[in-house]
Structure formats: structure tokens, C-alpha cells
Amino acid sequence: MTLSKPLPTALPQPCVTVIREDARRIVNRAFNAIRLGHAAFFCGAGISLHSGLPLAREFKKAVFSDLLKRLSKQERESISSVPMEYLLENLSRFIHIDKLINVFRGSAPALTHRILCRLYGNGLCQCIATTNIDQLFEMASRSERIPLPRLVSPMVDGTVPHAPCPLLKLHGSVEDKSSVMITIRSIARKSSLTSTACLLDYIFLSGKHEVVIVMGYSCSDELDVNPFLRRVARKSAKEILYIRHEGGLPLHRARKAILPAAFDGYDGATLVVDTDELVRALSEHFRLGDLPTPAKRASAWRQLTRNWARVARSSPSRCHLAAGRLFYSISESGLARSRFVSAERLATTYLDRVRSWYWLAQCSEPGKALEYGHRMTALVERRLDSTPI
């Protein structure tokens, strides 16, 4: 890897003195691993928060609040517990979600995106991996004029990556909707994508780096990343340094905590600190130049979800079908049945009416299910009888 500028032969200790000794050791370990080029970064949605993108919980709440307007407390709690991929996969069966996915495009990279790009440009990190589908790292690369070749999984043509790139996108990229939809459907159906597994293998098992610094990641990918982490925990020699964000907590008051449950079996520790404070310290310590102006968080994504929902509500039956199927998939049969009844009442097409009866049959007692089956059969027969040969 060619360095954009030579590194100093000797670097000082981190410019901020960390009060707690156990936290100081974590900070020194992270800085030394970066200095030696032995670190890789694994990033989640938290690093994009300042760029105006939503976290999963607020996104899920907003989508269904806009779509159905009135949600019971039990429905809100159930939706908040559903994996994002389940939610989007259910919606895609009844409603076009291309414009909804555009919520994750982003407008300007945050401080973390820019500083990680600079670290790579100076030969100080092996790779940057992310579960985010936004293009904020690509924007930071262009803004900083640092080439950042990327590899996007899943491979739409079915190929499996062999040579790692500095930017690894595990869940697709927003400008390529097909990659995002393949990921959503695969994760929702609990089927493993070979290309994504290869990238996870490189990050947590086979890559040349020794330390994985995890930033902005909630460890909530229970359908693909977490199962992989558990599977390779005993084989992995990687040290995990997990950064848990606590807004307003300066670096000199950082504290140590145990690793999240997703990283059980790995060596390493958690550092509790304001992530922006840590990133600023990295920039100053490694003399990466003037700090860029941080992006201001905007709420433009809320207007995008409202506009998408306004169009979707033109087919109210399908909105209720999507919600009903989501509740059915997490075994909330009572909530599901209520939504399917509403879908039947609001259906304006034969297809939506048949769909409503089908799902009502799925969550009803045998006798009632048989009744809905007869209704479907009778409706199909009437349609066939009226169709000329």
C-alpha cells in the first residue's frame, strides 16, 4: 500500500491523558494497532447518525406510523423488536420500497467517515467494513481525494470475492437496489450469502490485521452477522475493541466495560466514550490535518418516509396486509388477524381480497380457515367463468 505521506518515525502517546488506567490501556492498544497498520474497522449505523440518517429503531417506528397512522402500544412494541430485514421484506411483498430505501443515501459524510478515510490514505488501517448501505464513505473518499476501492456484497452476478478491498460493504449499497433487495430477502429467510460470509471471514478470522475496532455498531444483526460471530469465536485470534458511544463523555473520562454478548469468546474489551471525541484524538495523534467541519444532523429522511407512505396509502388494503404479515411472522396472531380483517374490508381488487382471505385462513381456527378457503375458491371460479376463452 502506498502512503500518501511518510509517517513520523516516533509518535507521542495519545494527546489526552485517560484518567482510568484500564481505559487508558484500551486507548493505547487501539492507537498502537493503528500506528503499526494492524487494525481494521467494523462500522454500523451509529457512525452515520450525524449525517442525518436514522437508526433502525426510529426508522421502523416512523415507517409504520406514517403508513397506518394509528398503532396500538402493543403493535409499536412488536414492530420495534422486529429485525429491519424482516420489516423491509414484508413491505416489499405488497408495496414498492425503492423510494423508501433512498432514505439511506445520506447527504454529507460525518467526521468519522472522513477520519477513517484519512487513516487508510496514510496506510494506518487494513480495511473498513460496514453493514451500512449508504454512500457516505464513498462521499468522504471523493471529498478527501483518497481513492477507496470497494467491494459490495452480495455479488449480483453470483461471484464470490477473493481479494479484499479497503472498503467492504456487507449489506449492499443504496445506489444498487438489487444488491440491497438480495440482502434483505436472504437475511429475512435466514439463508446465508456466500459473498457476505467471505467478507465476515476476512474481517473476523483470516485477515492480516490483529485488531478489529468496532464503531457505531449495535450488534443487532441476529440473522447474519451475530450467528457468524458465534460460529467462529473459538477459532478467531482477532482482538475486538468495541467502542460504545456515550454522548458528551470526553476521552479523558472514558471507562472500560465488558464486550457485548455478540462477541462472547473473543479477546478484547469495550471502551465507553463519545465516539467523536475518540475520532478527534485519532486525528490529532496521527497528525491527519485540520479537522473537517462536522456534518449537521438533518431530519430530511422523515420527509422521505412521509412522501413514500402517502403514495403507499393509496392502496390501504396492502398497507394492512404488510403489517398483518409482519405480525404473523413473529407469532403475534391476534395483531395479525386484526390487520387482515381491515385488509379484507378495504380491498378494492380481487387479488387483495384473495390475499386477505389467505392470510386470515393462516391465523384462524380450522373451521374458520376452511370457510376462507371456500371463499377464495368461489371467487376464483367466478373470475374464471367470466373470462372468455
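The preceding data block contains the structure.
How each quantity is defined
Residues numbered from 1 in each chain as written. Predicted model: local features only at pLDDT ≥ 70, side-chain atom pairs only at ≥ 80, totals over all residues. Heavy atoms only, no water. Helix = DSSP H or I, 4+ residues; strand = E, 2+ residues; numbered from the N terminus. Buried < 20%, exposed > 50% of the residue type's maximum accessible area, 1.4 Å probe, protein only. Areas by Shrake-Rupley, 256 points an atom, 1.4 Å probe, with all protein chains shown as cover. Contact = heavy atoms within 4.5 Å. Core = buried A, V, L, I, M, F, W, Y, C linked by side-chain atoms within 4.5 Å. Phe/Tyr/Trp six-rings, centres within 6.5 Å; stacked < 30°, edge-to-face > 60°. Lys NZ or Arg CZ within 6 Å of the ring centre and 35° of its normal. Expected span 1.5 Å × (residues − 1). Axes fitted to C-alpha atoms, helices over the stretch in contact; angles between N-to-C directions. Parallel < 35°, antiparallel > 145°, perpendicular 65-115°, else oblique. Left-handed = near helix turned anticlockwise from the far one by under 90°. Nonpolar A, V, L, I, M, F, W, Y, C, P; charged D, E, K, R; others polar. Salt bridge = Lys/Arg side-chain N within 4 Å of Asp/Glu carboxyl O. 1 Å grid on protein atoms, 1.4 Å probe; cavity = no way out; pocket = protein on both sides within 12 Å on 5 of 7 lines; lining within 4 Å. Points joined across faces, edges and corners; volume = space filled by probe spheres on them.

Q: Help me understand the overall build of the protein chain, please; the structure alone is not making it clear to me.
A: The number of helices and strands found in the protein chain is 16 helices and 8 strands. Split into buried and exposed, the 389 residues of the protein chain put 52% on the buried side. Here the protein chain displays about 18600 Å² of accessible surface, and carbon together with sulfur accounts for 51% of that area.

Q: Can you walk me through helix 11 (residues 275-285) in this structure?
A: Think of an α-helix as turning once every 3.6 residues; residues three or four places apart then point the same way. The buried count for helix 11 comes to 8 of 11 residues, which makes it a mostly enclosed element. Looking at helix 11, one finds that the buried residues are T275, D276, L278, V279, A281, L282, S283 and H285. Structurally, helix 11 contributes buried residues whose contacts are with helix 1 (21-35), helix 6 (111-121), strand 5 (211-215), strand 6 (239-245) and strand 8 (267-273).

Q: Quick question: what am I supposed to make of the nonpolar core here?
A: In summary, soluble globular proteins display a tendency toward joint burial of nonpolar side chains. Counting 47 residues, the largest nonpolar core has F64, L67 and L91 as the members making the most contacts within it. When contributions to this core are tallied by element, the ones reaching two or more residues are helix 2 (56-68), helix 4 (84-94), helix 5 (98-101), helix 8 (177-188), helix 12 (300-312), helix 13 (316-329), helix 14 (333-346) and helix 15 (350-362). Residues within four places of F64 in sequence aside, it is in contact with K69, L71, I79, L87, L91, A323 and L326.

Q: Can you walk me through the environment of N226 in this structure?
A: Its place among the elements puts N226 in helix 10 (residues 225-232). With a relative accessible area of 0%, N226 lands in the buried category. Along the primary structure N226 and A262 are separated by 36 residues, whereas in three dimensions their C-alpha atoms are 5.8 Å apart. Beyond its immediate sequence surroundings of up to four residues, N226 is in contact with Y217, C219, S220, D221 and A262.

Q: Just checking my understanding: could you explain the packing of aromatic side chains for this structure?
A: Each aromatic ring pair is described using two quantities: the centre-to-centre distance and the angle formed by the ring planes. One pass over the structure, following the stated rule, counts 10 aromatic pairs. When the ring of F340 is compared with that of W359, the centres are 5.9 Å apart and the planes differ by 20°; the resulting orientation is stacked. Of the two residues, F340 sits in helix 14 while W359 sits in helix 15, which places them 19 residues apart along the sequence. Look at Y358 and W359: their rings are 5.1 Å apart centre to centre, the planes differ by 85°, and that puts the pair in the edge-to-face class. Members of the aromatic cluster, connected to one another through ring pairs, are F42, F204, Y217, Y242, F263 and Y266. Across the ring face of W301, the terminal group of R302 is positioned such that the distance to the ring centre comes to 5.5 Å.

Q: Would you mind going over helix 9 (residues 194-206) with me for this structure?
A: With 13 residues, helix 9 extends just 15 Å between its outermost C-alpha atoms, more than 12% less than the 18 Å of an ideal straight helix rising 1.5 Å per residue. Residues S195, T196, L199, L200, Y202, I203 and F204 constitute the buried set of helix 9.

Q: Can you walk me through the packing of helix 9 against helix 10 in this structure?
A: Between two packed helices, both the angle of their axes relative to each other and the distance between the axes serve to describe the pair. One way to put it is that helix 9 packs onto helix 10 with a least axis distance of 11 Å and a crossing angle of 50°. In this view, helix 9 runs oblique relative to helix 10, as classed from their interaxial angle. Crossing angle aside, the handedness with which helix 9 passes helix 10 is right-handed. Residues A197, L200, D201, F204 and L205 of helix 9 pack against V225, F228, L229 and V232 of helix 10. Of the residues belonging to the contact of helix 9 with helix 10, the class tally is 8 nonpolar, no polar and 1 charged.

Q: I tried to follow the pattern of salt bridges on my own but got confused; where do I start?
A: Two side chains carrying opposite charge are able to pair once their charged atoms lie near each other. Applying the stated criterion across every chain, the model contains 17 salt bridges. Notably, a salt bridge pairs R302 with D66, separated by 2.8 Å at the nearest N-O pair. Taken together, the residues span a long stretch of sequence, with R302 in helix 12 and D66 in helix 2 at a distance of 236 residues. Judged by relative accessible area, which is 18%, R302 ranks as buried. When its relative accessible area of 7% is taken as the criterion, D66 is described as buried. For R118, the salt bridge identified is with E144, shortest N-O distance 2.9 Å.

Q: Please explain empty space enclosed by the protein as it appears in this structure.
A: In this approach a probe as big as a water molecule rolls over the atoms, and the regions it shows empty are the leftover space. This structure, assessed with the given rule, holds 1 cavity of 30 Å³ or more. There is about 30 Å³ of room inside the largest cavity. For the lining of the largest cavity, the secondary structure elements donating two or more residues are helix 1, strand 5 and helix 11. Of the residues that constitute the lining of the largest cavity, the class distribution is 8 nonpolar, no polar and no charged.

By themselves, these figures tell us nothing about what the structure is for.
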